[in-house]
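A look at the structure
One-letter residues, chain by chain:
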Amino acid sequence: MGSNHWVGSNTIGTDRTKAVVDVNTKVFGTDNLFVVDASIIPSIPMGNPHGMIMAMAEQAVAKILALPGGP
């Protein structure tokens, strides 16, 4: 049995020429579009990414809610 853990198609970063979403998980060039899933992980982690995704989502929610003017 095999499995696939797809990551990296919407990479997170600070440079809009090298990433799709910023450090608040907001898509560059948008006002209210956020991505919080395995696609923002820049490279595949060792093992199953489930724990990383859960921790990332928890941190992203806090960042999104703290943005000026709300999400």
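Above this text sits the structure in question.
Presented here is a report on the structure given in the accompanying data block.

Quick notes on the rules
- Residues numbered from 1 in each chain as written.
- Predicted model: local features only at pLDDT ≥ 70, side-chain atom pairs only at ≥ 80, totals over all residues.
- Heavy atoms only, no water.
- Core = buried A, V, L, I, M, F, W, Y, C linked by side-chain atoms within 4.5 Å.
- Buried < 20%, exposed > 50% of the residue type's maximum accessible area, 1.4 Å probe, protein only.
- Contact = heavy atoms within 4.5 Å.
- Helix = DSSP H or I, 4+ residues; strand = E, 2+ residues; numbered from the N terminus.

Let's talk about the nonpolar core
One finds Val21, Val27, Val35, Ala38, Ile40, Ile41 and Met56 forming the largest nonpolar core, which totals 7 residues. Non-local contacts of Val27, meaning those with residues more than four positions away in its chain, are made with Val20, Val21, Leu33 and Val35.

Let's talk about the environment of Val35
Tracing the backbone through its elements, the reader meets Val35 in the segment before helix H1 (50-65). You can call Val35 buried: its relative accessible area is 16%. Sequence-wise, Val35 and Ile12 are 23 residues apart; in three dimensions their C-alpha atoms are separated by 9.2 Å. Look past the residues within four positions of Val35 in its chain and what remains in contact with it is Asn10, Val21, Thr25, Val27 and Ile40.

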